[in-house]
Amino acid sequence: MDLPALGNCVTSLSCIITQSTSGLIIGMLLFLVAAGVSLIFGVLKVVNFAHGSFYMLGAYLTLTVYGVTGSFLLAVVAAAIGVGLFGLLFERLIISRVYGSQVLMQLLVCYGVILILDDLVKIIWGAEFRSLGMPDVFLKPPFLFGGGVVPVYYLFLIVLTLIIAVLLGLAITKTRLGKIVRAVAVNPGMVSALGINTGLVYAGVFLLGGMLAGLAGALAAPVRSIVSGMGLSVVVESFIVTVIGGMGSVAGALVGSLLIGLVRSFGTIGFPLFTEGLMFLLMAVVLVLKPSGLFGRET
Amino acid sequence: MMKSSFLRDCLIALAAFAILAVLPFVYPSRGMSDFVIRLAAFGIFATSLNLLVGYAGLESFGHGLFFGLGAYTFALTMQKLGTSIPVAFALTILLSVVVACVVGAICVRLKEIYFAFLTLAFQMLLHSLIIAWTPLTGGDQGLTGGVPRPPFLGIRLDQPYHLYLFCGGLLVLCLLLMRHIVQSPFGYTLRMIRDNPARATFLGVQVWRMRLAAFVIAGAFGSIGGMVMSLFVSGAFPDFAYWTISGEAIFMIMLGGTTVFFGPLAGAIMLLMLNDAVTKLTEHYGLVLGIIILMFALGLRKGFMDYLAEWWRGRQMSSVAAPAATQARPLPAQPVKVAGE
Amino acid sequence: MSKGSDTRRHRRDFIKTGAALTATAVAGFPFVSRAQNKPIKIGMPTIQSGRAAMVGSSSRNGCMMEIEKFNAAGGLNGRMIELIARDTKGKPEEAARLSRELVNSDGCEILFDSESSAGAFAIHEVAKDLGVVVMHMNTETSSLTADPKLRVPTAFRASRQGIHDSIAAGSYAAKIAKDKGLKKWISCSPDYAYGRDSTALFLEYLKHFYPEVEVVGEVWPKLYQPDYTDALTKILQIKPQAMYSCLWGGDLTAFVDQSTIYNLFTQMESFTINVADYTILTAIKNLPKGLHSSNRYLSTFPKSEANAKWAADYRAKFNEYPITWSWENATGTKFILEGIKKAGTTEAKKLADAIRGMKIESPFGVDGTVTMREEDQTLVNYAIGWGQTIPKDPFMPDVTAVDWKVIYELETAWKKKNNYT
Amino acid sequence: MSARAIIDAEGLDVFYGSSQILFALGLSVLEGQTTALLGRNGAGKSTTLKALAGLVPPRRGRVRVMGIEFQGKKPHAIARAGIGFVPEDRQVFPEHTVEDNLLIAQKRGPNGEDYWTLARIYDMFPLLSPLKQRMAGRLSGGEQQMLTIARTLMGNPVGLLLDEPSEGLAPVIVARIGELLRRLRDMGVTVLLAEQNMHFCLGIASHALVIDKGQIVYRDTIAALKENEAVKKRYLAL
């Protein structure tokens, strides 16, 4: 523990700015994955442990498409769509068969898929870690403000994910489709009795979750190492976010992700050895005080 | 009637122990005895998890807490205090009971998925603690330097046959005890709570107290699994407290079945053998195991022993046409809440 | 007729096995078949899945470089080497289990430990238990061979060692620091045993050679942490003059990629000890210029024909660059094979006696040789040097070799301080 | 003019787990009529409606909507064929506003009918109009019942399955619902009305079915039932 260092940091404006932006960067990428996990859990009551693998697929797809076309934009779009479709297939062919089974059975199925995907990725792209490299557009000196530094790419990343977060939030609260999705989360039987094909809604949620995870993988590709098994830590953190924010809540996923980002960035200064423990501690506290999460519905 | 069935179980246990004792003379192989030791660790551990999942309806993601706690407490007691093995065993179980009381009291009030995540959080806290407390635990390197195995009561665990028989005997004993627990009135109360907590409360059962008791018992047995593992590898590693170890136990009980007492043991045998066979044959272990898991999970949609038991009951029903006395829980058939149900 | 003899042989085998088991039970020694024409089986618990799967492939490739030569030359009186690699998935308990199984069920007579350090300790215990020869190929944790309490007479190490690397790094970095007046240092290393030990020792020797150094901060990202933004911003906050990092593998490439967009490397001298390995050098798309690094494996250092040829052969054979695990495993294998030749047997005690203190020719040695030091059964006199990166092949054109005399001297002092003598 | 059956069922066997609720149940509801399904608590009224709506799949038997087989179809398919279901325990979406509840259910009828708009609904249910933006979970029981019926109407159904709309509500609200059902009948909507309370049905329904222990035990006009003291006493406890 290094509390004096933490004290020094929170009394210095430039440190607060830098660590907060750092928390924001970590949090926003996490949000893209966690939002899918949270929606899928909220609507389908499925613990999609394989969501980290979607993220991994996104990164690898980006690697390949970028390598072939040289266009980062194209690669990002391809990854989002590709992984979205994969999510759709995964829902239709695999996970829809264990709806209503014990949570642990769903977990087993997801684990099976993780094992298969990790190995397939290794067979297709090799066991060694890969790196995409920063696309030329973003190779510019970082911005400086308030004594803090923010690289161009991260600024792009924050703005883009914030836009997506807002759009997603609006879509889920304001559009008819979003309203239906939220209604399915509460009472799928009734929604079905009103003439709405809930199976399509389920598939759609997986499509959306897959697209977001694919996008996260694509956006992570220029800065993170791409390797089989890279989805694991992300999916574990996503579940922490989902629990903290409340299952099924987009706003909760956003706040939870940012909270985890901040815990990580300030925890590095104050509790350098125990940041992971800190995240789980936060999760435990939320579960004990308000099991449904900060933005969750009491059930 | 209760008594006589316990007596019968004791006899079966004795017979099993005798077979284990003779086995190495009939089929001499260190590989086999190593397998039995590992099976003892995971068999006890998985069965103890099923006390929670199958009998009490508490789906824990964090049972590895006790596996890790058991392994580390035992290994540390042996290394640092230099006590005899039975004393270290007793101390470890005692500590596990205390920890289980505290953690359980916090966790069992939550329902379903929240319970699962909270147990996971506690397990990961232990894992973080092990990693961070390097001077005591050796951090991520694990507790190295070996676990001493001084002789006690004529048992010399530094000799392979003794270690084998000790662990095998422990497996038989723990299974016997757990079997006794699930067949006791307490066990039936747990099942009633699992199937209908509201009814149980109505009948005056203190639901959370019963759940806590189940949690503590499962924790104590879980720590025995960890101790056996620590004896086997002669050390302890942070992996023993990582969520993957809970995951493995979950796969064992899901593969083997949650509704039959020996399901978890069958699952442990299956997963260990699968693991050993597949790693021997291919380096694409994940691919093969993943496909097998999917075949089981999507094909049977239940554990292997569950499947057998159902098939057996079906046969009996059709031949005798008598209502089957089911202690099995019907699978939740409805995928989602049906309107107006 | 043939059936009868089969049964008889079977019964004889059975009796023999039974007797062996009794012997095993009493003496704790495994039953090992010693038939003359059977292959010599070597068991290799290693990581073939998960994030560190590269360990397994490059280690096995390194071993095969030597084994194929040995077998092509006729083996040991016609007995060929058979390498059996198994996936531990990076789990120490699996490493322990597989090592036992390889010896007990598969009849392996020798173990190659190509695991991470936690796995190495587990395998070490097994070797002690079963009394087989084990060659540790990858682990750099110094205590494994330095601590006499852990010593096993049949266990050897053929890899770099943390203490050697740290002394070398300290002496090199101190020279640069003195020249450029770098006094404010920060460290950014993975938060686990290797990272902590290596960093503490580096800083100790850096101060030993240049006492004016002040450590102004430490950052400990987790192993396999995908994102280093929090660490980077903390470093930028502190504004040190120099940074030390022993991140490795995919973590290191991500760290370098992320540092680049923060312009971190233009703001301080960076001593990233593990950059100069071909996986890293080729994986990073925009390798920054001027990073200081130790050689993990470079075909240009030691600058010898043998080394260049070995690298070329390796690339031709496996269609990939050799890396540090490749040369370490090749070296370990060579010690075992030379030992077998010298002892004329695979019997554990005799083989261990043969290897102990042995000096062999090697492209990776300082003067064309490396030695398995007698006192602690670990590899010495391998090439250690430091240099600065350029973005293109040969990536690190000028490597300054570090003098082993300095290493020996400080290592002895270190051992004394830790009561390892 | 012989009216065609909007919905008819034959030989329905329905189980919950291992216990059988409906035994070879058959019924049909003719176009334009309001039929009351009467029976004591637990007789199987709700289960019958749910089976017709596809929410509880029958193990045996068949369900037809306007002559087309719908056995084994998902609830949404039956709903799209024009059968609207109003559950007994209301099941509004509590965290959606009243208007959102209505919008979710909005769809054209099976033949492209789009009679029901928000404006017409508020006209028909003046009570809901000032509550548009209120969360449905915060409405009173009577308001929720109104909303549930209104929500189902938004799907422009041809036939309505109404499960005990009067249950647990204050008399003044019950009277309003009765009035509403009469207006729907006059508009030509076909209704199957499950009720315990025969008197509530008297001014609404033209025909009556009596269900007991999962079987239809009586069918006739409601006027005839009113006079049949034996049936009333035996099956309806009146």
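Worth saying up front: this structure is predicted, and the values here are computed from it rather than measured.

Chemist: Looking at this model, I keep getting lost on the overall build of chain A. Mind explaining?
Modeler: If you tally the helices and strands in chain A, you get 12 helices and 2 strands. Counting from the amino terminus, chain A carries its helices and strands in the arrangement α-α-α-α-α-β-β-α-α-α-α-α-α-α. At 19 Å, chain A has a C-alpha radius of gyration in line with the 19 Å of a compact globule built from 299 residues. Each of the three principal axes of chain A carries a C-alpha extent, and together these read 60 × 50 × 35 Å.

Chemist: Can you walk me through the overall build of chain B in this structure?
Modeler: Of the regular secondary structure elements, chain B holds 14 helices and 0 strands. Computed over the C-alpha atoms, the radius of gyration of chain B is 20 Å, within 12% of the 20 Å expected from 2.2 N^0.38 for a compact globule of 341 residues. Expressed as lengths along the three principal axes of its C-alpha atoms, the size of chain B is roughly 60 × 50 × 45 Å. Expressed as a percentage of the 341 residues in chain B, the buried residues total 58%. In chain B, once contacts between residues fewer than 6 apart in sequence are set aside, the share between residues at least 24 apart is 76%. When the accessible surface of chain B is summed, it comes to about 13800 Å², and 71% of that surface belongs to carbon and sulfur atoms. Separation of charge centres in chain B, based on 22 positive and 14 negative side chains, amounts to 9 Å.

Chemist: I'm lost on helix α10 (residues 207–233) of chain B in this one. Help?
Modeler: Side chains of residues three or four places apart in an α-helix project in the same direction, reflecting 3.6 residues per turn. All names here are of chain B. Taking 1.5 Å per residue, 27 residues should reach 39 Å; α10 reaches 39 Å between its end C-alpha atoms and fits that length. Most of α10 is tucked away, with 22 of its 27 residues classed as buried. Just downstream of α10, Ser234 is the residue with a positive phi angle, here 55°.

Chemist: Help me out: how do you make sense of helix α4 (residues 72–94) of chain A in this one?
Modeler: With 23 residues, α4 of chain A should reach 33 Å at 1.5 Å per residue; the first-to-last C-alpha distance of 31 Å fits that figure. Listed in full, the buried residues belonging to α4 of chain A are Phe72, Ala75, Val76, Ala79, Ala80, Val83, Gly84, Gly87, Phe90, Glu91 and Ile94 of chain A. In this structure, the buried residues of α4 of chain A make contact with α2 (13–44), α3 (51–69), α5 (103–125), α6 (152–174) and α9 (198–220) of chain A together with α13 (285–300) of chain B.

Chemist: So what exactly am I meant to see when it comes to the interface of chain A and chain C here?
Modeler: Interface size is commonly expressed as the accessible area that is lost once the parts come together. Listed by partner, the interface residues are 37 residues for chain A and 36 residues for chain C. Between chain A and chain C, roughly 3200 Å² of surface is buried when both sides are summed, and carbon and sulfur atoms account for 57% of that area. Remark: the boundary between chain A and chain C carries 2 salt bridges. Across the pair Arg224 of chain A and Asp227 of chain C runs a salt bridge whose closest N-O atoms are separated by 2.8 Å. Counting the contacts that link chain A with chain C gives 6 residue pairs in polar contact (both at pLDDT 80 or more). Those elements that provide at least two residues to the side of chain A that touches chain C are α2, α6 and α11 (250–270) of chain A.

Chemist: Honestly, the nonpolar core in this entry has me stumped. Any pointers?
Modeler: Note that soluble globular proteins tend to have their nonpolar side chains buried in a common cluster. Core analysis: the largest hydrophobic core is formed by 427 residues, its most contacted members being Tyr153 of chain A, Phe117 of chain B, Phe112, Met135, Trp185 and Phe271 of chain C together with Phe125 of chain D. Ranked by residues supplied to this core, first place goes to α2 of chain A with 15 residues. Per-domain counts for this core show at least three residues from each of domain 1 (36–160 + 304–311 + 324–380) and domain 2 (163–303 + 384–417) of chain C. Other than its neighbours up to four places away in sequence, Phe112 of chain C contacts Ile42, Gly43, Met44, Pro45, Cys63, Leu83, Met135, Met137, Thr333 and Ile336 of chain C.

Chemist: Is there a simple way to explain the interface of chain A and chain B in this structure?
Modeler: Contact residues are listed per partner, giving 48 residues for chain A and 44 residues for chain B. Note on chain A versus chain B: buried area summed over both sides is about 4300 Å², and carbon and sulfur give 78% of it. Here chain A is connected to chain B by 0 salt bridges. Where chain A meets chain B, there are 3 residue pairs in polar contact (both at pLDDT 80 or more). Of all elements in the fold, only α5, α8 (188–193), α10 (231–245) and α12 (275–289) of chain A reach the threshold of two or more residues within the side of chain A that touches chain B. Tallied by class, residues from the side of chain A that touches chain B come to 36 nonpolar, 9 polar and 3 charged.

Chemist: Got a minute to help me understand the confidence of the model for chain B in this structure?
Modeler: Caution is warranted with low-pLDDT regions, since their predicted coordinates should not be read in detail. All names here are of chain B. For chain B, the average pLDDT comes to 84, and 92% of its residues sit at 70 or higher. Ranking the helices and strands of chain B by mean pLDDT puts helix α4 (residues 85–107) first, with 93, and helix α14 (residues 304–320) last, with 77. When the criterion is pLDDT under 50, residues 321–341 qualifies, and its contacts beyond four places in sequence or with other chains add up to 40 contacts.

Chemist: Looking at this structure, how should I read the packing of aromatic side chains?
Modeler: Given two aromatic rings, their pairing is described by the distance between the two centres and the angle made by the two planes. Across all of its chains, the model carries 54 aromatic pairs over all chains by this definition. Both rings, one in Phe66 of chain B and one in Phe215 of chain B, keep their centres 5.7 Å apart while their planes meet at 75°; by these two values the pair is edge-to-face. You can see Phe66 of chain B sitting in helix α3 (residues 64–81) and its partner Phe215 of chain B sitting in helix α10, a full 149 residues away along the chain. A centroid spacing of 5.9 Å and a plane angle of 90° characterise the contact between Phe237 of chain B and Phe240 of chain B, whose relative ring orientation is edge-to-face. Residue Phe237 of chain B shares its accessibility class with Phe240 of chain B, and that shared class is buried. Among the aromatic side chains, those forming a connected cluster through ring pairs are Tyr278, Tyr297, Trp310, Tyr314, Phe318, Tyr321, Trp327, Phe364, Tyr382, Phe395, Trp404 and Tyr408 of chain C.

Chemist: Quick question: what am I supposed to make of the side chain of Lys234 of chain C here?
Modeler: Residue placement: Lys234 of chain C occurs in helix α8 (residues 229–238). The exposure class of Lys234 of chain C is buried, given its relative accessible area of 8%. Once you skip the residues sitting within four places of it in the chain, Lys234 of chain C turns out to touch Gln19, Thr268 and Ile269 of chain A together with Glu218 and Val219 of chain C.

Chemist: Got a minute to help me understand the packing of helix α2 (residues 30–55) of chain B against helix α11 (residues 243–256) of chain B in this structure?
Modeler: When two helices pack together, their arrangement is given by the angle between their axes and by how far apart the axes lie. All names here are of chain B. For the pair α2 and α11, the least separation of the axes is 9 Å and the interaxial angle reads 75°. The orientation of α2 relative to α11 falls into the category roughly perpendicular. Contacts from Phe42, Phe45, Ala46, Leu49, Asn50 and Val53 in α2 reach Ile245, Glu248, Ala249, Ile250, Met252 and Ile253 in α11. Residues that form the contact of α2 with α11 fall into these classes: 10 nonpolar, 1 polar and 1 charged.

Chemist: Would you explain the environment of Ser12 of chain A in this entry?
Modeler: Here Ser12 of chain A is to be found in the loop between α1 (3–10) and α2. In sequence terms Ser12 of chain A and Val137 of chain A are 125 residues apart; their C-alpha atoms lie 33 Å from each other.

Chemist: Quick question: what am I supposed to make of unusual backbone geometry here?
Modeler: Most peptide bonds take the trans configuration, and most residues that are not glycine carry a negative phi. Residue and element names in this part refer to chain C. The step from Phe301 to Pro302 runs through a cis peptide bond, and the omega angle for that step is -5°. Of note, Pro302 is situated in the loop between β10 (292–294) and α12 (305–318). Residues Asp393 and Pro394 are joined by a peptide bond in cis, for which omega reads 10°. By secondary structure assignment, the location of Pro394 is in the loop between β14 (385–388) and β15 (399–401).

Chemist: What is the right way to look at the arrangement of the chains in this model?
Modeler: Where the 5 pairs of chains in contact are concerned, the greatest contact count is recorded for chains A and B. Separating chain C from chain D is a minimum C-alpha gap of 38 Å, and the two share no contact.

Chemist: Where do I start with the sheet that holds strand β1 (residues 5–16) of chain D in this structure?
Modeler: Strand pairing in a sheet relies on backbone hydrogen bonds, with the paired strands running either antiparallel or parallel. All names here are of chain D. Spatially, β2-β1-β4-β5 is the arrangement adopted by the 4 strands of the open sheet, whose pairing is antiparallel. Edge positions in the sheet fall to β2 (19–30) and β5 (68–69), since each of these pairs with one other strand and no more. Contacting β1, β2 and β4 (60–65), helix α1 (residues 45–53) runs over the sheet at an angle of about 115° to β1.

Chemist: What exactly am I supposed to notice about a nonpolar patch on the surface here?
Modeler: There is a patch of nonpolar side chains on the surface, built from Leu281, Val285, Val288 and Leu289 of chain A together with Leu81, Val87, Leu91, Leu94, Val98, Val102 and Ile106 of chain B and spanning about 960 Å² of accessible area. The set of elements that each furnish at least two residues to the nonpolar patch consists of α12 of chain A together with α4 of chain B.

Calculation notes
- Residues numbered from 1 in each chain as written.
- Chains lettered and ligands numbered in written order.
- Predicted model: local features only at pLDDT ≥ 70, side-chain atom pairs only at ≥ 80, totals over all residues.
- Heavy atoms only, no water.
- Helix = DSSP H or I, 4+ residues; strand = E, 2+ residues; numbered from the N terminus.
- Rg over C-alpha atoms; globule rule 2.2 N^0.38 Å.
- Buried < 20%, exposed > 50% of the residue type's maximum accessible area, 1.4 Å probe, protein only.
- Contact = heavy atoms within 4.5 Å.
- Areas by Shrake-Rupley, 256 points an atom, 1.4 Å probe, with all protein chains shown as cover.
- Lys, Arg positive; Asp, Glu negative; His and termini not counted.
- Charge placed at Lys NZ, Arg CZ, Asp CG, Glu CD.
- Expected span 1.5 Å × (residues − 1).
- Buried area = accessible area lost by both parts, 1.4 Å probe.
- Salt bridge = Lys/Arg side-chain N within 4 Å of Asp/Glu carboxyl O.
- Polar contact = N/O pair within 3.5 Å; in protein donor to acceptor, adjacent residues only side chain to side chain.
- Core = buried A, V, L, I, M, F, W, Y, C linked by side-chain atoms within 4.5 Å.
- Domains from an automatic or database assignment.
- Nonpolar A, V, L, I, M, F, W, Y, C, P; charged D, E, K, R; others polar.
- pLDDT = per-residue confidence, 0-100.
- Phe/Tyr/Trp six-rings, centres within 6.5 Å; stacked < 30°, edge-to-face > 60°.
- Axes fitted to C-alpha atoms, helices over the stretch in contact; angles between N-to-C directions.
- Parallel < 35°, antiparallel > 145°, perpendicular 65-115°, else oblique.
- Pairing = 2+ DSSP bridges.
- Patch = residues over 30% accessible without salt bridge, like charges linked within 9 Å, V, L, I, M, F, W, Y side chains within 5 Å.

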